[in-house]
Every structure is written in structure tokens, then in C-alpha cells.
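These are the residues of each chain, in order.
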Amino acid sequence: MVAAGLLFFALFSLALGRPTLRDEFRVHERRTDVPHGFKYIGEAHPNALLSLRIALPQGDPAGLEAALYDVSTPGSKNYQKHLSKIKAQAFLAPHPESTKAVKSWLSRNNVSITKTSSLGDWMTIDIPVSQANALLRTQFGEYAHEETNTKMIRTLAYSVPTSVQDHVDAVYPATSFIEPRGLSGAVQVYRQALTSKDKAAKSSPHAVAAVDDSCRTEITPECLQTIYNIPPTPFSGNRSNIFIASFAGESATPSDMKACLQPLTFLRQFRPDVKVASSQFAVKTVDGGSANFAQATTEASLDVQYTAGVANTIPTTFVSVGSNNTDGVAGFLDLVDNLLAQEDVPNLCNAYAQLGARGTTVLFGAGDGGVAGIQSTQGCTSFVPTFPSTCPFVTSVAVSFSSGGFSNLFSRPSYQSGAVRSYLKTLGNTTADLFNTSGRAFPDIAAQAQGFQVVVNGQVKSVAGTSAASPTVASLVALLNDALFSEGHGPVGFLNPFLYSTGISALNDVTQGNNPGCGTDGFSAASGWDPVTGLGTPDFRRLLNAIKNNITQT
């Protein structure tokens, strides 16, 4: 809580671009089998058009990571001295010889580049399957996601010439099988009171003393302000801002939030003290996204209404990501590339590192499927970590029943080593064979996510899910930035090094809850960090004081 034009080719012979004797092909990426939840249908039609993205090795990702931690870690002499766009990009620009080698390879095969990222680390080509088969020495097939019957063209392995092997990081989405994002899949209509376990896991005694009893079953902006010690109005509202990423046709309508003629609106019902004019939200589209102001959806309404209701007057941009994406990661790459191109603000995770180094806080919900993934993968035999929540350079937000665990791709970052080691020691060998004990652990922080009152097409709904927790934390962070800006400081930026060090004293530990899945009870909450609620829930006042103390000691 962020398409290239098409270039058509005639059918090419398999002899096209035949390598020289010294330019042999080597397998570059390979899957051993079709991923769980997908099925093979047959060979892809040779004339079907493929949009492929070639990722070039980035120049100095280790340097970017070091710079990110340098500006994000309390006690560093460069704490909060965020990088400019140019300085951040310099770390990841590909080497000129890589650009030259890949362009030469494509040219020899009569393939034109239809789009290049602003940094030059991604090249997009649009070619028919027959030509892609020849270019990558593979056979692309048609596959389907079994639950949604969403069809896609992929392969289980591909090869590249030895002359470019060191200059190609990956080709997307050749072997990338990403579960389709369903409409409103991350929120559920919530029709019952919270269970006793939910009540116990809501927050620590620090936060619940003055909470109205109604907040145990129905969450409103006023409840969140009380629970998390959030001020009712911003300090200035001049420089802080929020971007809300929306996928799969989600849309919010301004009329549900503030229409003068509509009898029931969110602000009138739940924040009557907020001026309507101060709660505008802008709309931006990526990959053919759109804003359907005539018909709202639940998740988008939740995001927009609770950022406006909690962080009122903070400028909010609703970014609609459409289905016209071919990045292999459901539009996440297009979204972050769009954000990186802005002055103000192969590896998608490194793109998030760029944003963090420039002072942007990136938040993602952990997912609602327990240890079985985003939306509970059926029949899983090992725990399923979610993405982008497992990227070490984003802050993962959870609730007492959400996804959580350990990445199979990213190693554990040093900022969370001590906290996670303590949990694993307590856990012992329980379920150790079902997850990667050395992976990046998630989530990082938690918030309320049940019983949220949302107005959708003129009707109040009570909803639940990590999609409710994310806008709450995003609003809180935007207000932290606003307070810091009002005193002449910079934004908080990448939160995690702070949260796992001096910030932990400003969080309310949650010690009850679990995240079942894959035929198990999953993980259980415990004292300190755990894979259910991370480090705990936030307290705005204490977080602000901790950040300001860090600044004065730098």
C-alpha cells in the first residue's frame, strides 16, 4: 500500500539467427515441473504474440543495498539523508557491455526492442511464439491456472547463447507462473463479532485502555485513532503523500466518500469533522487500468476511505493497474517502474530498494491464506511464502490470522537476525521441514483488519483482511512523515532497520493468534517477533518520539 506497443512479425524459420560454432546455447533457467495449481494444455500457437522482458544484470545492487541501510539505520551518520533519483539509479544501471551484447544478439535475430526501462535494465520485445522458440531454443506452451482457468503462455526452460549468458539476468515471464489476482480477493465481507481469540490478539494493554466497546465488533477511523494513538488532524499536510496500488479492476467512487447528494457517505457517517474538500484523491492508471466511478469495489473503497479517514488532508493518489501487463509479476514491475520514473519520490526487489533509498516507504499486505500463501493455496505440502511481502526492502503488514513465515528466495537480512533467531529457538524443530529457516522472515508489523466499516455503492459493509491493515499503517506512516516535515526533517523512508532496533519499544507486542494452512496450525504468535503479527502493532506518538530521538543522536 503502485504496455508496450506491439510489433508484429511474420512466421520465421527455425534457422533464423543460427549461432556460430563458438556461440553455443546454454540453459539459462529451468523448472523441474509445472508449478502446483497450474496445468499444461498443449503447445502454444506459433503465431500467438508474446511480450517478453529481458532483464540485464544491474551494475551494483550490493552498493544500493548498503546505501539503503546507511540512510535507514538509526545511529548511521547518514540516517535520513536519502538519495536523489540520479544517485539511486546509478547503482543499478547495467554495464554498457551488457547493453551492447544483448542488442547485438537481438539484432542478429531480426528482433526489435519495443520498449526500454528508464534505467536501461529492462528491454521489452514483442514477437510471435515461433520466433521466441527459435530465439530461446525452447518450446512455449499454453498453461492454465486451475482455480481461475486463466490461460498463459510459458515454458519450463529456455536457453541463451554463451556470448550473452553473462549479460542476461532473466527473460520474463518465460518461466514465471504467478497466481492471478482475483477481484476483491484480499477482503471478505465480515458478518460476525470478533472471536475471543481475535479480541485477545488485537493489541497490548498500552493501546486498548480508552477504546470504545463498539470497536470490538466495528472498526472506524475513530477506533484506529484511539487504538494506535493517531492524531485526528495532520501537522501540516504540505509534503507527505500516499500512493494506493489497485489491481484487477478495483475501483473507488468519490460519491461513496463525500457526495453532497448521496444520503450515506463514508465521511458523513464516520468522519463528520473532516472537510469534504480536504479529502480529494487523484487517479493514475498503469497497464490499461481505469477508474470506474460508476461502480465501486470493496477493496478499493476500503483503501481510499481509510486513508482519507485516518490521514485526512494528506494527498492521496489511487493507482489503477490494469490487466495489460506482461511483466510476469501481475503488474508489480510496471507499477514500481512508473513510480521510479518520477522525480519526487531483474530484480523487482531492487526496484523497491531504490524507492526506499529515496525516502519512500513501501508497504505490502502479507496475504490472507495463513502459511498457505496469499489466498490459501490448496493441497500445499510445504509453507507458501508470499511476494512482494518477502522482499527484504519492503515492510510487510499482517494481522493475527494472515500469511507469514520465511522466504524461499531471499536470505534473512541482518536487521532482523536477532529477533528471528529468538523465535526459531523457541519454536525448536516444530514444522522445520516445511519452511526455509534461513529465509527473510515476514511480516514486520501488524494492525487491525476485521470489522472495518466501508461504504460501497451507498451501502455500509463490514469487511476483513490484510487489505484493511495496510491502509491503516500507510496512513500512520504518512502522518509520521507529515510531523517530521513540519519540523524540517526528512521522511522515514525504509522502516525496517528502525522497527527492528530502536522502534521496537514503540510497538505493542501481540502474543496470541496463529496462521493455519497446508494441513497444519501454522505458526503461533509469541513474545517478540513472530510469523503471525511480526513485531506487533504501532503507537504513533511513541514511534514519532523514537524517530526524533534517533535524529537528534545522529
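The rules behind the values
Residues numbered from 1 in each chain as written. Predicted model: local features only at pLDDT ≥ 70, side-chain atom pairs only at ≥ 80, totals over all residues. Heavy atoms only, no water. Core = buried A, V, L, I, M, F, W, Y, C linked by side-chain atoms within 4.5 Å. Buried < 20%, exposed > 50% of the residue type's maximum accessible area, 1.4 Å probe, protein only. Helix = DSSP H or I, 4+ residues; strand = E, 2+ residues; numbered from the N terminus. Contact = heavy atoms within 4.5 Å. Salt bridge = Lys/Arg side-chain N within 4 Å of Asp/Glu carboxyl O. Pairing = 2+ DSSP bridges. Phe/Tyr/Trp six-rings, centres within 6.5 Å; stacked < 30°, edge-to-face > 60°. pLDDT = per-residue confidence, 0-100. Disulfide = S-S within 2.5 Å.

> How should I be thinking about the nonpolar core in this particular structure?
Counting 103 residues, the largest nonpolar core has Y352, F452 and F523 as the members making the most contacts within it. It is helix 14 (residues 466-486) that contributes the most residues to this core, 11 residues altogether. In this view, F452 contacts I219, L224, L302, Y306, K461, S462, V463, A468 and T472; residues no more than four positions away in its chain are not counted. With 26 residues, the next largest nonpolar core counts I54, A101, V111 and L135 among its residues.

> What am I meant to see in the pattern of salt bridges here?
Two side chains carrying opposite charge are able to pair once their charged atoms lie near each other. In the structure shown here, the tally under the stated rule is four salt bridges. A salt bridge links D273 to R271; the nearest nitrogen and oxygen atoms lie 2.7 Å apart.

> Hey, could you run me through the sheet that holds strand 15 (residues 395-398) in this one?
Hydrogen bonds between backbone atoms are what pair the strands of a sheet, whose relative direction is either parallel or antiparallel. One open sheet accounts for three strands, arranged 14-15-18; its pairing is parallel. The open sheet has two edge strands, strand 14 (363-365) and strand 18 (445-446), and neither has a second partner. Pairing of strand 15 with strand 18 involves two bridges; the strand directions are parallel. In the sheet register, V397 faces strand 18, and the bridge partner there is I445.

> Would you take a moment to explain the packing of aromatic side chains for this structure?
Two numbers describe a pair of aromatic rings. These are the distance of the centres and the angle of the planes. Counted under the stated rule, the structure contains 22 aromatic pairs. With a centroid separation of 6.0 Å and 70 degrees between ring planes, the pair formed by Y69 and Y415 is classed as edge-to-face. Judged by its relative accessible area of 13%, Y415 is buried. Ring plane angle 50 degrees and centroid distance 5.3 Å describe the contact between F266 and F270, whose orientation is recorded as tilted. Of this pair, F266 and F270 both sit in helix 9 (residues 266-270), four residues apart, which is roughly one turn of that helix. The buried category is assigned to F270, whose relative accessible area is 15%.

> Looking at this structure, how should I read the confidence of the model for the chain?
Close inspection of predicted coordinates is inappropriate for parts of the model with low pLDDT. The predicted model of the chain averages 83 in pLDDT, with 81% of residues at 70 or higher. Here residues 1-21 is modelled with pLDDT under 50, and outside its nearest four sequence neighbours on either side it reaches 55 contacts, counting other chains as well. Here residues 182-209 is modelled with pLDDT under 50, and outside its nearest four sequence neighbours on either side it reaches 66 contacts, counting other chains as well.

> Is there a simple way to think about the pairing of strand 13 (residues 316-321) in this case?
When a strand is regular, its side chains alternate between the sheet's two faces. Of all six residues making up strand 13, six are buried, and the element is well covered by its neighbours. Side-chain alternation along strand 13 places T316, F318 and S320 on one buried face and T317, V319 and V321 on a second face that is also buried. Both strand 12 (residues 281-286) and strand 13 contribute to a ladder of six bridges, which runs parallel. Considered in strand 13, the bridge of A282 is made with T317.

> In this structure, what is going on with the state of the cysteines? I would like to understand it.
Two cysteines form a disulfide when their sulfur atoms are joined by a covalent bond. The tally for this structure, following the rule as stated, stands at three disulfides. Residue C215 pairs covalently with C223 via a disulfide, S to S 2.0 Å. Note on the C215 and C223 pair: the S-S dihedral is about -85 degrees, so by sign convention the disulfide is left-handed. Take C215 and C223: they sit in the same class, and that class is buried. A disulfide bridge connects C349 with C391, and the sulfur atoms are separated by 2.0 Å. Residues C349 and C391 are joined through a disulfide that is right-handed, its torsion about the S-S bond being 90 degrees. With a gap of 42 residues between them, C349 in helix 12 (residues 348-357) and C391 in the loop between strand 14 and strand 15 connect regions that are remote in the sequence. Residues C349 and C391 agree in their burial class; the two are buried.

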